[in-house]
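Residues per chain are reported as follows:
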Amino acid sequence: TLFEDKRQEVIMLKEFMMQWGFVKHGYKKSTNELVLTKEMKIYNKKENPKFNFPLYKSKPNYFILPIDSEYHTDLFPDSILKNENMSLYKENLAHRYSLEKIYVCSAYNIKARPGDLILIYRSGDRYPKRYSSVISGMAILQNIVNPKSLEEYLNLCKNKSVFDEESLKMFYNKNKWRKVVQLLYLKPFNNKIILQELYDLNIIEKNKGPRPFHQLDENMFQKLINKSEEK
């Protein structure tokens, strides 16, 4: 509930809540406060993934997205590995605790579309990598954007990327990593799935690793979800 249009901060708060799927329900008779509610059972196909979060569409496609180990836990601190030092990630930086995450890349011909499910894969930093590389969690693809200007690029990445503004400017000006992948972080996996298990399940070809937006079929995806939920 909120007192509608009382001041600019409240107007901004209402707009923010409505972006995340809250809609006007009515007004409290006693105080005339606006009541906002959010549907948590039915996916609204007319709206975007952010509006529907944490629900996702009934027939998504499934992909694996590798993240370098030096960036993974900075962007997804909830998916920290047991052998990592949590004290390195205690600083209250906006990109760590936002549900919206930004991945910048130069990949082309990406088949993923808004609403598809993305498995986050932390590339191993120790050998053998088949035991240190893991699928750590899951996200919903919000959108893929090719910014038309540096200003648009910076606005999309602000407070949601592991990179500071100077690094982002350098990427853009050198025509490197200009594609902006917007993710909505859904959940970490309690049971991380190592690369060796991806080999054993015939999901990844042996002695190789997944490429960006490596596509899975529904059966493969369900095997991984089952593995992540094992007691």
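What you see is a predicted model, and the numbers here were worked out from it, not measured in a lab. (Residues numbered from 1 in each chain as written. Predicted model: local features only at pLDDT ≥ 70, side-chain atom pairs only at ≥ 80, totals over all residues. Heavy atoms only, no water.)

A. Quick look at the packing of aromatic side chains. All told, the structure shown has nine aromatic pairs when counted by the stated rule. Summarising the aromatic geometry, the rings of Phe-163 and Trp-177 are spaced 5.9 Å apart at their centres and angled 40° between planes, so their arrangement reads as tilted. Highlighted residues: Phe-163 in the loop between helix H6 (150-157) and helix H7 (165-173) and Trp-177 in the loop between H7 and strand S7 (179-194), separated in sequence by 14 residues. Classification of Phe-163 by relative accessible area gives buried; the value is 16%. (Phe/Tyr/Trp six-rings, centres within 6.5 Å; stacked < 30°, edge-to-face > 60°. Helix = DSSP H or I, 4+ residues; strand = E, 2+ residues; numbered from the N terminus. Buried < 20%, exposed > 50% of the residue type's maximum accessible area, 1.4 Å probe, protein only.)

B. Highlighting the pattern of salt bridges. One pass over the structure, following the stated rule, counts 14 salt bridges. Put simply, Lys-169 and Glu-166 hold a salt bridge, and the shortest N to O gap is 3.9 Å. Residue Lys-169 and its partner Glu-166 are both found in helix H7; the two are separated by three residues, about one turn of the helix. Under the relative-accessibility criterion, Lys-169 is labelled partly exposed at 25%. Overall, Glu-166 belongs to the exposed group, its relative accessible area being 55%. (Salt bridge = Lys/Arg side-chain N within 4 Å of Asp/Glu carboxyl O.)

C. Up close: the pairing of strand S5 (residues 117-122). Taking burial as the measure, the six residues of S5 include six buried ones, the bulk of the element. Side chains Leu-117, Leu-119 and Tyr-121 of S5 all project onto a buried face; the interleaved residues Ile-118, Ile-120 and Arg-122 project onto the opposite face, where all are buried too. Bridge count between strand S3 (residues 62-67) and S5: six bridges; the pairing is parallel. Paired with Ile-67 across the two strands is Arg-122, which belongs to S5. Pairing of S5 with strand S6 (residues 134-145), which is carried by six bridges, proceeds in the antiparallel orientation. In the strand pairing of S6, Leu-119 is matched with Met-138. (Pairing = 2+ DSSP bridges.)

D. The arrangement of empty space enclosed by the protein in detail. Taken as a whole and judged by the stated rule, the model has one cavity of 30 Å³ or more. Reported here for the largest cavity is a volume of approximately 30 Å³. As for the largest cavity, its lining consists of Glu-100, Lys-101, Ile-102, Gln-142, Leu-156, Lys-160, Gln-182 and Leu-183. Broken down by secondary-structure element, the contributors of at least two residues to the lining of the largest cavity are strand S4 (100-105) and S7. Top element by residues in the lining of the largest cavity is S4. It accounts for three residues. Among the residues making up the lining of the largest cavity, the classes are represented as three nonpolar, two polar and three charged. (1 Å grid on protein atoms, 1.4 Å probe; cavity = no way out; pocket = protein on both sides within 12 Å on 5 of 7 lines; lining within 4 Å. Points joined across faces, edges and corners; volume = space filled by probe spheres on them. Nonpolar A, V, L, I, M, F, W, Y, C, P; charged D, E, K, R; others polar.)

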